[in-house]
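Here's the letter readout for the chains.
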Protein chains: 2
Amino acid sequence: MLNGLMMDDYQLTIAAVAERAEYFHRNKEVVSRRPDGSIVRSTLGACGARARRLASALAQLGVADGDRVATLMWNQIEHMEMYLAVPAMGAVVHTLNPRLHPDELSFIVGDAQDRVLVVDESLLDVFDNIREGHTFDHVIVVAHDEPAPEGTLNYHDLVDSAAPMPWPSVDEHRAAAMCYTSGTTGRPKGVVYSHRALVLHSLTAALPDTLGVSARDTLLPVVPMFHANAWGLPYAAALIGARLVLPGRQLDPSSVLDLLADERVTITAGVPTVWMGMLAELDADPHRWDLTRLDRLIVGGAAVPRSLLEGFDRHGLTVVQAWGMTETTPLGSICRLPDDLDDSSRDEQYEFRSRQGIAVPFVEIRARREEGDLIDWDDKSMGELEVRGPWVAAAYHNGSGADSFTPDGWFRTGDIVRIDHRGCIRICDRAKDLVKSGGEWISSVDLENHLMAHPAVAEAAVVAVPDARWGERPLAVLALREGKSVDPDALREHLSTEFAKWQMPDRFEILPAIPRTATGKFRKTALREQFS
Amino acid sequence: MLNGLMMDDYQLTIAAVAERAEYFHRNKEVVSRRPDGSIVRSTLGACGARARRLASALAQLGVADGDRVATLMWNQIEHMEMYLAVPAMGAVVHTLNPRLHPDELSFIVGDAQDRVLVVDESLLDVFDNIREGHTFDHVIVVAHDEPAPEGTLNYHDLVDSAAPMPWPSVDEHRAAAMCYTSGTTGRPKGVVYSHRALVLHSLTAALPDTLGVSARDTLLPVVPMFHANAWGLPYAAALIGARLVLPGRQLDPSSVLDLLADERVTITAGVPTVWMGMLAELDADPHRWDLTRLDRLIVGGAAVPRSLLEGFDRHGLTVVQAWGMTETTPLGSICRLPDDLDDSSRDEQYEFRSRQGIAVPFVEIRARREEGDLIDWDDKSMGELEVRGPWVAAAYHNGSGADSFTPDGWFRTGDIVRIDHRGCIRICDRAKDLVKSGGEWISSVDLENHLMAHPAVAEAAVVAVPDARWGERPLAVLALREGKSVDPDALREHLSTEFAKWQMPDRFEILPAIPRTATGKFRKTALREQFS
């Protein structure tokens, strides 16, 4: 046995990331849009320096090692300061999703034992809805226009009056951040990110074949900072010295397009619904925005229909699909066209780009059939995806959800996938959304993607409904494009090119819009209840 | 205190890198030029798979955890297999520099206690020179044309006949690789790389602003695999899935240019002397090689004269300067033009690009005056560079060279630098090469660079010679370009635009060529002795 003689005790911490921002990227701009639409311009250096003052202020309020400090904030510069300050001082930044139901939020702040809350003034109503259920030691308000309400502290006053904190040594295994999964079933479960996980995730996120973040890039995370670390963009920006644009609360398509154009953004990221709306705007008025600097749109959080890839290609914009979960920090895989497909047909390229991609370095994958055996990487067999790696959860906070982990230490994603010979994954369904008909699995995602390729269909969600003979049968819920109509026979005809008769939905239901969860996904539980 | 709940026990090991090559990059080509000039084509997948057989064969020969397995090899595919197999099985790959003096090599194999040697048949004479001084348990020969000599084993026979090894769990702090510094003074010192250091170094090396390695790249390390992990290129290729071209023993300019063109290389790396020779070939026959795919030449190991940057720019090729040492795995800093200099003048851009650049993420820097205080980042003050970070040595093997580490745990590089407001370093000298004249420091590197910009001068080395009045004075040793001549007055005139009179060399000596060390650096100790 021989140990290495390197500085292995150098800890991979957010303090190191914050220091890098402060010392090496001091003039790199951070642009933040306030709730009133005005733009605040600062720098990564100022963020790093202000984080030290913020940390001192929190310490004076009694925040100590491992204490949870919650945020109710948009993608805004003060949230970035929190991202740096709280972990760097040894505490835990806990991002709350303001769109959750108050009961759920109340459960979450109690389960996490949040001691301090930092809330943007535009989200004070959300705080009002949960203040009965949980007592914070302190509530700090990012006040823009109004003074902070009585009984609360003013964020900017606190930061301005505090002295800079020299960052303490923190073990890389300590908790740095926390985020709850908005499970569609059961109680939300807390994911606790270590410093090590966040740092390794940031390095991998910035690699050329992952997000590819350089100091010449400008990043705009549309994905909220309260969703799984905004997919790693804020920390990647701080580490690499990329320019960062934080869009605030206005995330309607044309507000985002304005910012993408005005700030010459090169990389942006968000869920498919955001980009669908944006595509409609671009199609309606292709020359309104100058997006020549925009190099790639990272899309994840739900399957990306081919129509979305094709739609943006029409405007010269490349959509790159990624897969991940709150439990995977979140980057698990990304779909970049390999060079040996450069000369393949358009169809083959789209077929590949519609997949969730290849696991990023150090994320290991395998998939398991219901019977317990692992599937082959033959692009045909379906199984539940299991992953492990340095930024994959090993457990949930307070021991909940233990059945999500295999006895040999892999995380069960709940996603049903196929894997091809390259190791490229294709999500066929969420395990709970899979339709089990007559002993065979039918992928709701495959049906949805193909239905959304029909010119009359804007959105499609396929759910399982109980069936006396087959156990379950697929039912399709559709929202149609403005002014369009379609009948079931035409839809069956459209599907028949790809699906066998037994795989096709028995019923098609039309709704004005498909109900969505707080994270923008189809609310399939509601649809199942409604149509069962 | 709250610990993260991520898979922090996931170990960052070379086994994970080897598995990634084997499973995810199985069709990615590895091209290897044999000593006879013929080309062998294989894949990263085959390398990963063969590494398992090689490991089994070594285990059968008695190689166990932490044992050192030495290599005497060129940049060749078998060396790549060793890079993967030996660390992945839990042993330590120790790369030997065949150009060292036999006494030095004998000391090194003894100090490291190498148990097994793997030697390319073209380097058997080097082995013959050291076999008296050290007994290896086994000597394995990579035999191409001749059978392996009696008393040795045949590499390919061993690998072919062994069964694949399932990689064992290895702690990331264990030693993975070893390399000795070829100090110009004192005994060579062993640097022992941990798995963790090599993995983190590979991730950082691949970042867009470091080497920028994607699966669409083809890498050709001219820098030997026996020099500080070939600057991280082989492991980066395995991790990312880049195509890898290994040039073997023929490193003359036109052989390398042939390979760069024929194999459509995108990134290459080596010391300045390699590129100087190559530039002369390109200048002589600019259209002989099609280098349109070549995107960047990473140059390090010695200061890069501006003439080299300008010379390659003439051919549309970008030279990127990097700084590092065997003790820093080796990447410490890299010089990429920041976007705020895009519109600055040609001169300003070259001035910046002549620097050693900004520390890569997680490498921390500071510099200290002889008096002990740290210098300001004002681009004027000079001090000895100290670094720390996850891939910086914390000690040498067997406890030698303890004075290279500060009491608070930083590594003293021995390089005298200036640091600007961005954190960009400029090496003024090696501490031991600095000329100390009348209490002032004179940078030999600055003088050399300016002398090499003179049209008659091919190479310049400046050394300190004892002086009764001033303590030391600079003396310049020059090699002139073919057919050129120059006199001291002309050289002083040339230097006078940049240097004060007291900074100029008192003497100029002309040699046919400047003597070099085994690693291609000027042998300044020899020059000092000769001219003192």
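To be clear, the structure that these remarks concern was listed above.
No experiment lies behind these values; they were computed from the predicted model shown. (Residues numbered from 1 in each chain as written. Chains lettered and ligands numbered in written order. Predicted model: local features only at pLDDT ≥ 70, side-chain atom pairs only at ≥ 80, totals over all residues. Heavy atoms only, no water.)

Notes on the state of the cysteines
Now for step 1: Tallied over the entire structure, the rule returns 0 disulfides over all chains.
Now for step 2: There is no disulfide at B:Cys335, and the cysteine sulfur nearest it, in B:Cys424, is 4.8 Å away. (Disulfide = S-S within 2.5 Å.)

Looking at empty space enclosed by the protein
Now for step 1: Inspection of the entire model under this criterion finds 4 cavities of 30 Å³ or more.
Now for step 2: Its boundaries defined by the atoms lining it, the largest cavity holds a volume of some 70 Å³.
Now for step 3: Contributing to the lining of the largest cavity are 13 residues, with B:Ser32, B:Arg33, B:Arg34, B:Pro35 and B:Gln76 lying nearest its centre.
Now for step 4: Of all the secondary structure elements, the ones that give two or more residues to the lining of the largest cavity are strand 1 (29-33) and helix 3 (77-88) of chain B.
Now for step 5: Residues that form the lining of the largest cavity fall into these classes: 4 nonpolar, 4 polar and 5 charged.
Now for step 6: Approximately 50 Å³ is the volume found for the second largest cavity.
Now for step 7: Contributing to the lining of the second largest cavity are A:Tyr83, A:Val93, A:Thr95, A:Ala177, A:Met178, A:Cys179, A:Tyr193, A:Met225, A:Ala228, A:Asn229 and A:Tyr235.
Now for step 8: Counting residues per element, the ones that place at least two in the lining of the second largest cavity are strand 4 (92-95) and strand 8 (175-181) of chain A.
Now for step 9: Ranked by the residues each element gives to the lining of the second largest cavity, the list is headed by strand 8 of chain A, at 3 residues.
Now for step 10: Class assignment for the residues of the lining of the second largest cavity results in 9 nonpolar, 2 polar and no charged. (1 Å grid on protein atoms, 1.4 Å probe; cavity = no way out; pocket = protein on both sides within 12 Å on 5 of 7 lines; lining within 4 Å. Points joined across faces, edges and corners; volume = space filled by probe spheres on them. Helix = DSSP H or I, 4+ residues; strand = E, 2+ residues; numbered from the N terminus. Nonpolar A, V, L, I, M, F, W, Y, C, P; charged D, E, K, R; others polar.)

Structural notes on the relation of the copies chain B and chain A
Now for step 1: The two copies are related by a screw operation: chain B maps onto chain A through 180° of rotation and 0.0 Å of translation along the axis, at an RMSD of 0.1 Å. Taken together, the rotation angle and the small translation identify this as a two-fold axis. Identified as the residue of chain B closest to the rotation axis by C-alpha distance is B:Leu207, at 2.4 Å. (Least-squares fit on C-alpha atoms with pLDDT ≥ 70 in both.)

Thoughts on the pairing of strand 12 (residues 267-270) of chain B
Residue and element names in this part refer to chain B.
Now for step 1: Every second residue of strand 12 is oriented toward a common face, with Ile 267 and Ala 269 on one face and Thr 268 and Gly 270 on the other, all of them buried.
Now for step 2: The pairing of strand 10 (residues 218-221) with strand 12 spans 3 bridges and is classified as parallel. The residue of strand 12 that forms the bridge with Leu 219 is Ile 267.
Now for step 3: The sheet contact formed by strand 12 and strand 13 (residues 296-299) spans 4 bridges and is parallel. Residue pairing across strands places Gly 270 opposite Val 299, the latter belonging to strand 13.
Now for step 4: After leaving strand 12, the chain enters helix 10 (residues 272-284) and then returns to the sheet as strand 13, a path that is right-handed. (Buried < 20%, exposed > 50% of the residue type's maximum accessible area, 1.4 Å probe, protein only. Pairing = 2+ DSSP bridges. Right-handed = clockwise from strand over helix to strand, strands pointing away.)

Quick look at the sheet that holds strand 9 (residues 189-194) of chain B
Residue and element names in this part refer to chain B.
Now for step 1: Pairing within the open sheet is mixed, and its 7 strands lie in the order 7-6-5-3-4-8-9. Among the strands making up the open sheet, the edge pair consists of strand 7 (153-154) and strand 9.
Now for step 2: With 5 bridges joining them, strand 5 (residues 116-120) and strand 6 (residues 138-142) adopt parallel strand pairing. Residue pairing in the sheet places Val 118 in a bridge with Ile 140 of strand 6.

Some details on the interface of chain B and chain A
Now for step 1: Taken together, the 79 residues of chain B in the interface contact 80 residues of chain A.
Now for step 2: In total, about 6,300 Å² of surface goes out of reach between chain B and chain A, with carbon and sulfur atoms giving 60% of it.
Now for step 3: When the buried area of chain B at its contact with chain A is split by residue, B:Met6, B:Met7 and B:Phe362 rank highest and sum to 14% of it.
Now for step 4: For the pair chain B and chain A, the interface holds 6 salt bridges.
Now for step 5: With a shortest N-O distance of 3.5 Å, A:Asp339 and B:Lys28 are connected by a salt bridge.
Now for step 6: At the surface where chain B touches chain A, the tally comes to 36 residue pairs in polar contact (both at pLDDT 80 or more).
Now for step 7: Elements supplying a minimum of two residues to the side of chain B that touches chain A: helix 1 (14-24), strand 9, helix 7 (195-206), helix 8 (233-240), strand 16 (357-359), strand 17 (364-368) and strand 18 (383-388) of chain B.
Now for step 8: Ranked by residue count, the leading element in the side of chain B that touches chain A is helix 7 of chain B, at 7 residues.
Now for step 9: Here the residues of the side of chain B that touches chain A are counted per class, giving 47 nonpolar, 14 polar and 18 charged. (Contact = heavy atoms within 4.5 Å. Buried area = accessible area lost by both parts, 1.4 Å probe. Salt bridge = Lys/Arg side-chain N within 4 Å of Asp/Glu carboxyl O. Polar contact = N/O pair within 3.5 Å; in protein donor to acceptor, adjacent residues only side chain to side chain.)

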